[in-house]
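# Summary of structural features
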Amino acid sequence: LAKTTQPISMDSYEGQEVNITCSHNNIATNDYITWYQQFPSQGPRFIIQGYKTKVTNEVASLFIPADRKSSTLSLPRVSLSDTAVYYCLVGSYTDKLIFGTGTRLQVFP
Amino acid sequence: DAGVTQSPTHLIKTRGQQVTLRCSPKSGHDTVSWYQQALGQGPQFIFQYYEEEERQRGNFPDRFSGHQFPNYSSELNVNALLLGDSALYLCASRTRTTRTDTQYFGPGTRLTVL
């Protein structure tokens, strides 16, 4: 399974756009990129998943360049409630999800 | 539609004791996985159950065992508790027809070993 590297923490202010980049240099052809969000004392929550180019849903956008060695989770106009840990996962067809330490996003008023 | 539920919410045990944690998957889900999350770390995969059998296992000792019942609910058992077993234990579920990496997680059980 490909290893991922993310910033340990990021700070932002309400209303700003936040971009969290994840590096996955050893991504395999069949691997998808998946992002989860986790609030304190709760389980992770699936946010978005993609294979290449751009994916957008009601919560976030995921940008994946052609070489797929990195990806960027974009959160538009964050609010205080977006303060959480964000995990980038890479893999395919396995229940054995590999979580790193994630990126701790702190949103300030 | 209830999501993944876990019980108990919190639990305090002493070293050497045994503990059983319970999970009910989201309605319609038949595959259950368990994760251990130490403070400040990401969740670590323990094992996965489908059709009442353990299908995959992470790097955890045999002190960690599980069971899945015909109604798809699951239990995680930990024997001979160590201080290092203190963690948030998460249960995740999905259906066999969905992607394996899009799972629904429960709120977890906070286990403290004294």
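These notes cover the structure that comes with them. For clarity, every value in this text was computed on a predicted model and none was experimentally measured.

Take the sheet that holds strand E8 (residues 74-78) of chain B next. Residue and element names in this part refer to chain B. With antiparallel pairing, 4 strands are arranged side by side in an open sheet as E1-E3-E8-E7. Each edge of the open sheet is held by one strand with a lone partner, namely strand E1 (5-7) and strand E7 (64-68). On average, each strand axis in the sheet is inclined to that of its neighbour by 20°, with strand direction left out of account. By the bridge criterion, 3 bridges tie E1 to strand E3 (residues 19-24) in an arrangement that is antiparallel. For Thr5, the partnering residue across the bridge sits in E3 and is Ser24.

In this section: the packing of aromatic side chains. For the structure shown, the criterion picks out 12 aromatic pairs over all chains. With a centroid separation of 5.3 Å and an interplanar angle of 55°, the aromatic rings of A:Tyr32 and A:Tyr51 are classed as tilted. Pair noted here: A:Tyr32 is in strand E3 (residues 32-38) and A:Tyr51 is in the loop between strand E4 (45-50) and strand E5 (53-56), with a separation of 19 residues, a long-range link. Of the residues examined, A:Tyr32 reaches a relative accessible area of 25% and is grouped as partly exposed. Look at A:Phe99 and B:Tyr35: their rings are 6.0 Å apart centre to centre, the planes differ by 90°, and that puts the pair in the edge-to-face class. Here B:Tyr35 lies in strand E4 (residues 31-37) and A:Phe99 lies in the loop between strand E8 (84-91) and strand E9 (103-108), a pairing that spans two chains. When its relative accessible area of 0% is taken as the criterion, B:Tyr35 is described as buried. Here the aromatic residues A:Tyr36, A:Phe46, A:Tyr87, A:Phe99, B:Tyr35, B:Phe45 and B:Phe105 are joined through ring pairs into a cluster of three or more.

The subject of this paragraph is the pairing of E8(A). All names here are of chain A. The element E8 is largely enclosed, with a buried count of 8 among its 8 residues. Of the two faces of E8, the one carrying Ala84, Tyr86, Cys88 and Val90 and the one carrying Val85, Tyr87, Leu89 and Gly91 are both buried. In this sheet, E8 lies alongside E3 in antiparallel orientation, the contact comprising 7 bridges. Note on E8: the bridge partner recorded for Trp35 is Cys88. The sheet contact formed by E8 and E9 spans 3 bridges and is antiparallel. Within E9, the position partnered with Ala84 by the bridge is Leu105.

Here the focus is the state of the cysteines. A full pass over the atoms with the stated rule returns 2 disulfides over all chains. Between A:Cys22 and A:Cys88 runs a disulfide, and the two sulfur atoms are separated by 2.2 Å. Of note, the bridge from A:Cys22 to A:Cys88 carries an S-S torsion of about -80° and is left-handed in sense. On the criterion of sequence distance, the pair formed by A:Cys22 in strand E2 (residues 18-23) and A:Cys88 in strand E8 is long-range, its members being 66 residues apart. Grouping residues by exposure puts A:Cys22 and A:Cys88 together as buried. Paired by a disulfide, B:Cys23 and B:Cys91 hold their sulfur atoms 1.8 Å apart. Here the S-S torsion is close to -60°, and the disulfide linking B:Cys23 with B:Cys91 is therefore left-handed. Taken together, the residues span a long stretch of sequence, with B:Cys23 in strand E3 and B:Cys91 in strand E9 (residues 87-94) at a distance of 68 residues. The exposure class of B:Cys23 is buried, given its relative accessible area of 2%. Exposure remark for B:Cys91: the relative accessible area of 0% places this residue in the buried category.

Our focus in this paragraph is the interface of chain B and chain A. The accessible area lost on association of the parts is a frequent measure of interface size. Facing the 26 residues of chain B at the interface are 21 residues of chain A. Regarding the contact of chain B and chain A, the summed buried area is about 1,800 Å², with carbon and sulfur atoms giving 47% of it. Inspection of the region where chain B meets chain A yields 0 salt bridges. Inspection of the region where chain B meets chain A yields 6 residue pairs in polar contact (both at pLDDT 80 or more). Mapped onto the side of chain B that touches chain A, the elements with two or more residues apiece are E4, strand E5 (44-50), strand E6 (53-57) and E9 of chain B. Sorting elements by how many residues they give to the side of chain B that touches chain A places E4(B) first, with 4 residues. Classifying every residue of the side of chain B that touches chain A by side-chain character gives 7 nonpolar, 13 polar and 6 charged.

So, how was this worked out
- Residues numbered from 1 in each chain as written.
- Chains lettered and ligands numbered in written order.
- Predicted model: local features only at pLDDT ≥ 70, side-chain atom pairs only at ≥ 80, totals over all residues.
- Heavy atoms only, no water.
- Pairing = 2+ DSSP bridges.
- Helix = DSSP H or I, 4+ residues; strand = E, 2+ residues; numbered from the N terminus.
- Axes fitted to C-alpha atoms, helices over the stretch in contact; angles between N-to-C directions.
- Phe/Tyr/Trp six-rings, centres within 6.5 Å; stacked < 30°, edge-to-face > 60°.
- Buried < 20%, exposed > 50% of the residue type's maximum accessible area, 1.4 Å probe, protein only.
- Disulfide = S-S within 2.5 Å.
- Contact = heavy atoms within 4.5 Å.
- Buried area = accessible area lost by both parts, 1.4 Å probe.
- Salt bridge = Lys/Arg side-chain N within 4 Å of Asp/Glu carboxyl O.
- Polar contact = N/O pair within 3.5 Å; in protein donor to acceptor, adjacent residues only side chain to side chain.
- Nonpolar A, V, L, I, M, F, W, Y, C, P; charged D, E, K, R; others polar.

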